[in-house]
Amino acid sequence: AIGKKIRSATMAATATDSLSDAAATTVVLLAMLFLAVTGINIDGYCGILVAVFILAAGIGAAKETVSPLLGQAPDPEFVKEIKELVMQHEEVLGIHDMAVHDYGPGRVMVSLHAEVSGDGNIYELHDLIDQIEFSLRKELNCEPVIHMDPIVDDDEETNAAKARITEIIESLNKDSRKNENVQFHDFRMVKGSTHSNLIFDVVLPHGYQMSEEQIISYIKEKVSEYNKNYYCVIHIDRAYVK
């Protein structure tokens, strides 16, 4: 119970070891009682069962211990808790580029980008980010680092272009499973006299059916149909967490 509560593979392995000892002792006692009642010796069969149980428990414990060292996906529930805690502040408009590194109890490192309005007071927003980091540290027992990402949210043309990019990205997700959705972030527009650059990151899930070149070509084509004076500058990201 403690191992699950503090997400400790070592504590869970200790519990498995104790359970193996208890199971082995119980089987020995049952085999002795069976011999006393029936006169039939089943020690060999019981030994095989105990050996299989210990082998399976050992493999399971090894996987739980080795996987964090080699790298594994974070617990979806833990990721959900992080998102809910950060997004409960109305000043945070969105989050992206979240990465979770688990090095054991009390050594979970979390980094993410929090989108805020570019027109906000930088000192107040910085203080808010500090408060969010403190809350994450206290409530989820992790070490968070949050990058404050200012975005434009009050320019009509920029918002219209962003809405069009959203539609294009959603068209890529029509035939995809929920955990394979393409996303985008860090959108900004650099306006010029002859053309405007639309600069943003596109996040692809691992194993997505289209290549990076196909994704970029598709988005640029759709944007050109919308406005020939818009040029896309796209950086491809890979999803760290779902």
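Residues numbered from 1 in each chain as written. Predicted model: local features only at pLDDT ≥ 70, side-chain atom pairs only at ≥ 80, totals over all residues. Heavy atoms only, no water.

K.L.:
Help me understand the overall build of the protein in this model?
P.N.:
Of the regular secondary structure elements, the protein holds seven helices and six strands. In the protein, the succession of α and β elements from N to C terminus is α-α-α-α-β-β-α-β-α-β-β-α-β. For a compact globule of 242 residues, the expected C-alpha radius of gyration is about 18 Å, and the protein comes in at 27 Å, more than 25% above that figure. Once the C-alpha set of the protein is aligned to its principal axes, its extents read approximately 95 × 40 × 25 Å. Burial statistics for the protein: of 242 residues in total, 31% are counted as buried. Within the protein, contacts between residues separated by at least 24 positions form 57% of all contacts whose residues are at least 6 apart in sequence. (Helix = DSSP H or I, 4+ residues; strand = E, 2+ residues; numbered from the N terminus. Rg over C-alpha atoms; globule rule 2.2 N^0.38 Å. Buried < 20%, exposed > 50% of the residue type's maximum accessible area, 1.4 Å probe, protein only. Contact = heavy atoms within 4.5 Å.)

K.L.:
Got a minute to help me understand the sheet that holds strand β3 (residues 143-151) in this structure?
P.N.:
The strands that make up a sheet are held in pairs by hydrogen bonds between backbone atoms, and each pair lies either parallel or antiparallel. Here we have three strands laid out as an open sheet, ordered β1-β2-β3, and mixed in their pairing. Among the strands making up the open sheet, the edge pair consists of β1 (94-102) and β3. Between one strand axis and the next, the sheet turns by 15 degrees as a mean value, whatever way the strands run. Note that β1 and strand β2 (residues 108-117) share seven bridges and pair antiparallel. By the bridge assignment, Gly-94 is partnered in β2 with Glu-115. Sheet strands touched by helix α4 (residues 76-87): β1 and β2. Its angle to β1, the strand with the most contacts, is close to 140 degrees. (Pairing = 2+ DSSP bridges. Axes fitted to C-alpha atoms, helices over the stretch in contact; angles between N-to-C directions.)

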